[in-house]
Amino acid sequence: MLRDKKENIPPSGVLALLGIVGVGCLILMACFPAEGIGFGESFRIKFKTLASIGDTTQSEHGSIAGNIDDYLTRYDSVPQAANPHDSLKVIRPLNPASIQFRDGDASPLYTFFNELEKLSGEQDAVHILHYGDSQIEIDRITGVIRSRFQDKFGGRGPGLITPVPIAASAAITQDQSGNWKRYTAYGFQDQKSAHSSFGVMASYGRYLPAKDASAIHSTDSVTAWLEFSPSYMAAGSARLYSKAVLYAGNNLADVRVEIMADDSSLGSKILPAGSTVKAYSWNLSSTPEKLRLIFHGADSPDVHGISFEDGSGVYMHNIALRGSSGNIFTKINASSFEAASSRMSPSLVILQFGGNTVPYIESSKAAADYGSFFRSQIQYLKKIYPGAAFIVIGPSDMSTRINGVYQTWPFLEEVRNALRDNALAEGCGFWDMYEVMGGKNSMISWVQNNPPYAAPDYTHFTPKGARKIAEIFFNSLYSEYEAWYSAKLSSALSPF
């Protein structure tokens, strides 16, 4: 009877094999270019260099010693600025997390503060648009700021919701029929748009591809639906709403939209054939457990978004543009903003970008060029939203492996500087998220924190980290409001 033979490699053979692998790695480290080898415009392979083996100056320990919560207590104190007894001036209480302004003049925010102060009556509303990259996706950061605003100034509902999301939002639970497609002005485009009229959310959804008018026959009706329910993950105020507003248009045949609240029909509206995007609203007696919009027609409208609101107060709209550097707004037809911008007249626009640009910046000049181009986006949006104040939030710290060790991306600070300088030049506020986190190599500390405040990709915040950042930002903005309100109240009480 034959037996299977098992050959065991002797320890000396294992050692020899490891030695050969080690020598091979040393040769590769000696020959591999320090800058790596690039494949195309966005993919590069790097390898640890021989020179870095003995480098003891690099460490994967973050720049913050101890727990992040302890570090962030520095933003709890609010020292008073100079001239505290001049009651007719706005005395800004400054700390390291304060919003920056050109020459320290916060007056660009005063129109926004005045709108907040005037909130009264059932029809008064203040709208805030929060544009950003994937850091704000799923309603992260935005949801906390919205909740804090609504707690202080009223307002209920999550605001604008995209019809075809990339990722589920914490603001609302939604579903849609399988025939919807998503068209975007940014990132990787699954569907190519036939035009540049993307509108307020820089994207739209359709359940039928665009066709020539001659190819559309009224008898070829198609049905599609969008469904929404309150999310248990949203703040209490965001889970309640009494109005649904649909922004849609550019359909070449009439489309009938029926709305169902739970199992009851609230009637239907006709979206007439035409190229103009309009707002269509339905009043709800109470927040339904399930709200469904059913579309019937031979052509699909471009659905820019659905807004869920309730009476007076603050509405903060989360508009996450995954993969965007923020330089896409000038590519969008200005007229396509009209339906939303005229109805909302937003009082504040927040632009949170930079993170998607940092990995591709390889020189100070490239960072400066990015900042200049971003400035043109601000100028364009100021024309779209002429009554709005603007705040730019810079990128967070982000880490990449350099010679095998996680460190802040080489040109991140230059990108931050370029955004700040151009934002201030345009009269915007600037909030330095990078410095608030702790500056260079702080992301490592946020990842290593217990509990982790940033993800293992060394780029995105965890939900707990996003909440921390959102709370600090809101406190910084609200302290500006309190300083303005205090001066306004003192001025009103002054005898002269």
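This report concerns the structure included in the present document. In this text, all values refer to a predicted model and were calculated from it rather than measured experimentally. (Residues numbered from 1 in each chain as written. Predicted model: local features only at pLDDT ≥ 70, side-chain atom pairs only at ≥ 80, totals over all residues. Heavy atoms only, no water.)

## Quick word on the overall build of the protein chain
Inference 1: A tally of regular secondary structure across the protein chain gives ten helices and 20 strands.
Inference 2: For the protein chain, the residues scored as buried account for 49% of the 496 residues in total.
Inference 3: In the protein chain, 76% of the contacts between residues at least 6 apart in sequence involve partners at least 24 apart.
Inference 4: With an accessible surface of roughly 23500 Å², the protein chain has 53% of that area assigned to carbon and sulfur atoms. (Helix = DSSP H or I, 4+ residues; strand = E, 2+ residues; numbered from the N terminus. Buried < 20%, exposed > 50% of the residue type's maximum accessible area, 1.4 Å probe, protein only. Contact = heavy atoms within 4.5 Å. Areas by Shrake-Rupley, 256 points an atom, 1.4 Å probe, with all protein chains shown as cover.)

## Looking at the side chain of S341
Inference 1: You can see S341 is positioned in helix 5 (residues 338-344).
Inference 2: On the basis of relative accessibility, which here comes to 12%, the residue S341 falls in the buried class.
Inference 3: Of note is the side chain of S341, whose polar atom sits 3.4 Å from the backbone oxygen of E338. (Polar contact = N/O pair within 3.5 Å; in protein donor to acceptor, adjacent residues only side chain to side chain.)

## Some thoughts on the pairing of strand 13 (residues 291-297)
Inference 1: Within strand 13, five of the seven residues are buried, which leaves it mostly tucked inside the rest of the structure.
Inference 2: Pairing of strand 8 (residues 222-230) with strand 13 involves seven bridges; the strand directions are antiparallel. Paired with F228 across the two strands is L291, which belongs to strand 13.
Inference 3: Here strand 10 (residues 255-261) pairs with strand 13 via six bridges, running antiparallel. By the bridge assignment, I259 is partnered in strand 13 with L293. (Pairing = 2+ DSSP bridges.)

## Brief notes about the nonpolar core
Inference 1: Grouped together as the largest cluster of nonpolar side chains are 52 residues, with contacts concentrated most on F112, L116, F149, W431, W446 and L477.
Inference 2: For this core, the leading source of residues is helix 10 (residues 463-493), giving ten residues.
Inference 3: Not counting residues up to four positions away in its chain, the partners in contact with W446 are I64, I68, L72, M437, P452, Y453, A454, F461, G465 and I469.
Inference 4: Residues V200, Y247, F374 and V415 belong to the second largest nonpolar core, which totals 48 residues. (Core = buried A, V, L, I, M, F, W, Y, C linked by side-chain atoms within 4.5 Å.)

## Quick notes on helix 7 (residues 412-425)
Inference 1: End to end, helix 7 covers 20 Å across 14 residues, agreeing with the expected 20 Å (1.5 Å per residue, within 8%).
Inference 2: Taken residue by residue, helix 7 has L412, V415, R416, A418, L419, N422, A423 and L424 as its buried positions.
Inference 3: Buried-residue contacts for helix 7 involve helix 6 (364-384), strand 17 (389-393), strand 19 (405-408), strand 20 (429-431) and helix 8 (433-437).
Inference 4: Of the residues trailing helix 7, G427 is marked for its positive phi of about 80 degrees. (Expected span 1.5 Å × (residues − 1).)

## What to know about the pattern of salt bridges
Inference 1: Counting across every chain of the model gives 17 salt bridges.
Inference 2: Taking the shortest distance from any N to any O, the salt bridge between K118 and E115 comes out at 3.4 Å.
Inference 3: A residue is classified by how much of its surface remains accessible, and E115, at 30% relative accessible area, is partly exposed.
Inference 4: Here E137 ties to R322 by a salt bridge, and the two come within 2.9 Å at their closest N and O atoms. Of this pair, E137 sits in the loop between strand 3 (125-132) and helix 4 (142-153) while R322 sits in the loop between strand 15 (313-320) and helix 5, and the two are 185 residues apart along the sequence.
Inference 5: Taking relative accessible area as the criterion, E137 reaches 11% and is therefore assigned buried.
Inference 6: Residue class for R322 comes out partly exposed when judged on its relative accessible area of 38%.
Inference 7: Linked through salt bridges whose partners overlap, the residues forming this network are R148, R467 and E471. (Salt bridge = Lys/Arg side-chain N within 4 Å of Asp/Glu carboxyl O.)

## Side note on the side chain of E480
Inference 1: Summarising the element assignment, E480 is placed in helix 10.
Inference 2: Discounting residues that sit within four places of it in the chain, E480 has contacts with R92, I99, F101, A106 and F113.

## Regarding the packing of aromatic side chains
Inference 1: Following the criterion strictly, the structure yields 30 aromatic pairs and no others.
Inference 2: Look at F153 and Y478: their rings are 6.3 Å apart centre to centre, the planes differ by 65 degrees, and that puts the pair in the edge-to-face class. A residue pair is termed long-range when its members are at least 10 positions apart, and F153 in helix 4 and Y478 in helix 10 qualify at 325 residues.
Inference 3: Judged by its relative accessible area of 15%, F153 is buried.
Inference 4: For the pair Y207 and F295, a centre-to-centre distance of 5.9 Å together with 50 degrees between the ring planes defines the contact as tilted. Within this pair, whereas Y207 is found in the loop between strand 7 (203-206) and strand 8, its partner F295 is found in strand 13, the two being separated by 88 residues in sequence. The same class applies to Y207 and to F295, which are both buried.
Inference 5: Clustering of aromatic rings is evident, with ring pairs tying together Y110, F112, F113, F149, F153, F474, Y478, Y481, W484 and Y485.
Inference 6: Over the ring of W282 we find K269, and its NZ or CZ is 5.5 Å from the ring centre. (Phe/Tyr/Trp six-rings, centres within 6.5 Å; stacked < 30°, edge-to-face > 60°. Lys NZ or Arg CZ within 6 Å of the ring centre and 35° of its normal.)

## Focus: helix 4
Inference 1: The terminal C-alpha atoms of helix 4, which comprises twelve residues, lie 16 Å apart, in line with the 16 Å expected from a rise of 1.5 Å per residue.
Inference 2: Within helix 4, nine of the twelve residues are buried, which leaves it mostly tucked inside the rest of the structure.
Inference 3: For helix 4, the complete set of buried residues consists of T142, G143, V144, I145, R146, S147, F149, Q150 and F153.
Inference 4: G154 sits one or two residues past helix 4 and shows a positive phi near 85 degrees.

## Things to note about the sheet that holds strand 20
Strands pair in a sheet through their backbones, by hydrogen bonds, and they do so in one of two ways: parallel or antiparallel.
Inference 1: In spatial order, the strands read 15-3-16-17-20; together these five strands make up an open sheet with parallel pairing. The open sheet has two free edges, formed respectively by strand 15 and strand 20, since each of these has just one partner strand. On average, each strand axis in the sheet is tilted by 20 degrees relative to the strand beside it, whichever way the strands run.
Inference 2: Bridge count for strand 16 (residues 348-352) against strand 17 is five bridges, and the pairing is parallel. Looking at strand 17, one finds that I350 is bridged to I391.
Inference 3: Across the sheet, helix 4 lies against strand 3 and strand 15, angled at about 175 degrees from strand 15, the strand it touches most. (Axes fitted to C-alpha atoms, helices over the stretch in contact; angles between N-to-C directions.)

## With respect to the packing of helix 6 against helix 7
Inference 1: One way to put it is that helix 6 packs onto helix 7 with a least axis distance of 8 Å and a crossing angle of 35 degrees. Of the two elements, helix 6 crosses helix 7, and the hand of that crossing is right-handed. Residues S364, A367, A368, Y370, G371, S372, F374, R375 and I378 of helix 6 form the contact with helix 7, whose participating residues are E414, V415, A418, L419, N422, A423 and A425.
Inference 2: In the contact of helix 6 with helix 7, the residues fall into ten nonpolar, four polar and two charged. (Left-handed = near helix turned anticlockwise from the far one by under 90°. Nonpolar A, V, L, I, M, F, W, Y, C, P; charged D, E, K, R; others polar.)

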